[in-house]
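So the chains spell out like this:
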Amino acid sequence: MNVRRSLLLGLFLCGGVIGLWGQKKNFTYKFYGQVRGDLFYNSRANAETVDGLFYLYPKDVSLDADGRDLNASPNGSFYLLYSRLGVDVQGPDVGKAKTSLKLETDFRGSGSSWAILRIRHAYVNLDWGHSAVLVGQTWHPLFGEVFPQMLNLCTGAPFQPFNRSPQIRYRYTNKGWQVTAAALWQLQYLSAGPNGKSEEYIKNSCVPEVYLGLDYKRPEWQMGAGVEILSLVPRKQNTVGDKVYKVSERVTSVSGEAHVKFRNDDWVVMAKTLLASNLTQTSMLGGFGVTAVDPRTGEQEYSPYLFSTSWLNIVYGKKWKPGLFVGYLKNLGAAKEIVGGTYGVGLDVDQLFTVNAQLSYNLPHWKLGVEYSPATAWYGDVDKKDGGRVHATHSVTNHRILGVLIYMF
């Protein structure tokens, strides 16, 4: 199915749904969407998804038979896959709770199947005033309400968590304080493991990902912190020679974050810092390594990698909006010696640093912008005895230029 057929199908479905809702009492709805085009250029090959639309970090040097770097080749393209359609619905009250729902789709697809419809948000929300319960798929709490304002679709990843997950979320607000508690599962954004990125690790775990956060809000300020716990089962069986053994394996990680945001009529200043442990399901670097192996059954023990990430984002203006994003990441390795394999994303990266400069022109319903992002990654020797830490010996830099045109309705 190509983009044109997907767009027509999306318009037909949304039009039909809205037509049905228009006949129901006590329902109001708001139809919205955008057409977005992304034109980009990279000076070298990168770790990325969606063929370069979702950009992460530059790849290490890979030499050919003549000693030339295979990854030192430019690339670029133009896509409209992140055009989207959505509807917000206000429904009749249930007891004292106000009800609402959101359904939003784009054409990102999944895996290697692009230009097809994909669910972005799909949830219902019950709001009693101070308390609210959300059930469905929406932004991960680690993405939160404090996230970079930038043109690149990665929205600050891998320094900033990026994920939408099925979840049950409870939120309590009172006198500027906000408490968030959520249980989350995986669907489109997946953890890495022995079989690559897969839903099976959390599915076999039978334990959802858990988040607990606290925020304090004033008219111009927001500050807060949160803790996330993830427990995965990498494997349920192992084969040694011609024998198959049932194994009992689990890797549990704890991550923490703190954030702050200031906003007035002209300025937006935001920052976030994380100690990220095995957060590959949030488009970040991380994973885990084997720290012990049973010689008879091959059953393994694991230790998660820890990454420290921080970012700062400053944006000024209304019509003309210049902006700056600075991100830094450090690989802190695992807590134990690595004696076997490792599973994850970017475990061979020691440090990553980027500066992102943007300028956009904004009108009602329109945004036209350009962004320049030089990113440098440090690579080197992996010391498994030192928890898989990387001792940097060299660096590579990618220069990314992005042009964006968005029409919103």
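Residues numbered from 1 in each chain as written. Predicted model: local features only at pLDDT ≥ 70, side-chain atom pairs only at ≥ 80, totals over all residues. Heavy atoms only, no water.

### Things to note about the confidence of the model for the protein chain
When pLDDT is averaged along the protein chain, the result is 93; 93% of the residues meet or exceed 70. Here residues 1-13 is modelled with pLDDT under 50, and outside its nearest four sequence neighbours on either side it reaches 17 contacts, counting other chains as well. (pLDDT = per-residue confidence, 0-100. Contact = heavy atoms within 4.5 Å.)

### A closer look at unusual backbone geometry
Following Ala-157, the chain continues into Pro-158 via a peptide bond in cis, with omega recorded as 10 degrees. Structurally, Pro-158 can be placed in the loop between β8 (131-139) and β9 (164-174). For Thr-155, which is not glycine, the phi dihedral falls at a positive 50 degrees. With respect to the helices, strands and loops of the structure, Thr-155 is situated in the loop between β8 and β9. Phi angles above zero are rare outside glycine, and Cys-206 is one such case at about 65 degrees. A relative accessible area of 70% places Cys-206 in the exposed class. (Helix = DSSP H or I, 4+ residues; strand = E, 2+ residues; numbered from the N terminus. Buried < 20%, exposed > 50% of the residue type's maximum accessible area, 1.4 Å probe, protein only.)

### Re the nonpolar core
Ranked by size, the top nonpolar core spans 41 residues in total, and within it Leu-53, Phe-54, Tyr-57, Tyr-82 and Leu-352 carry the most contacts. If you list the elements that add at least two residues to this core, you get β3 (54-58), β18 (267-277), β20 (300-316), β21 (320-334), β23 (349-363), β24 (366-383) and β25 (389-408). Counting nine residues, the second largest nonpolar core, distinct from the first, contains Leu-232, Val-251, Val-290 and Tyr-343. (Core = buried A, V, L, I, M, F, W, Y, C linked by side-chain atoms within 4.5 Å.)

### Remarks on the pattern of salt bridges
As enumerated under the stated definition, the model contains 13 salt bridges in all. For Asp-106, the salt bridge goes to Arg-120, with nearest N and O atoms at 3.7 Å. Residue Asp-106 is located in strand β6 (residues 97-106), and its partner Arg-120 is located in strand β7 (residues 118-127); the two are separated by 14 residues in the primary sequence. Asp-106 gets classed as buried once you look at its relative accessible area, which sits at 0%. (Salt bridge = Lys/Arg side-chain N within 4 Å of Asp/Glu carboxyl O.)

### Thoughts on the packing of aromatic side chains
In total, this model carries 17 aromatic pairs according to the counting rule given. Here the aromatic rings of Phe-288 and Tyr-343 are separated by 5.6 Å at their centres, their planes lie at 50 degrees, and the arrangement is tilted. Residue Phe-288 is found in strand β19 (residues 286-293), and its partner Tyr-343 is found in strand β22 (residues 342-345); the two are separated by 55 residues along the sequence. The exposure classification of Phe-288 matches that of Tyr-343, with both residues buried. Over the aromatic face of Trp-139 sits the side chain of Arg-164, whose NZ or CZ is 4.7 Å from the ring centroid. (Phe/Tyr/Trp six-rings, centres within 6.5 Å; stacked < 30°, edge-to-face > 60°. Lys NZ or Arg CZ within 6 Å of the ring centre and 35° of its normal.)

### Things to note about the side chain of Ser-253
Tracing the backbone shows Ser-253 in strand β17 (residues 251-263). Of note is the side chain of Ser-253, whose polar atom sits 3.2 Å from the backbone oxygen of Ser-277. When near neighbours in sequence (up to four residues on either side) are disregarded, Ser-253 contacts Glu-228, Ile-229, Leu-230, Ser-277, Asn-278 and Pro-304. (Polar contact = N/O pair within 3.5 Å; in protein donor to acceptor, adjacent residues only side chain to side chain.)

### Quick notes on the pairing of β18
Sheet topology places β17 next to β18; eight bridges connect them, and they run antiparallel. Bridging across to β18, Ala-258 finds its partner in Thr-273. Both β18 and β20 contribute to a ladder of 11 bridges, which runs antiparallel. Paired with Lys-272 across the bridge in β20 is Trp-311. (Pairing = 2+ DSSP bridges.)

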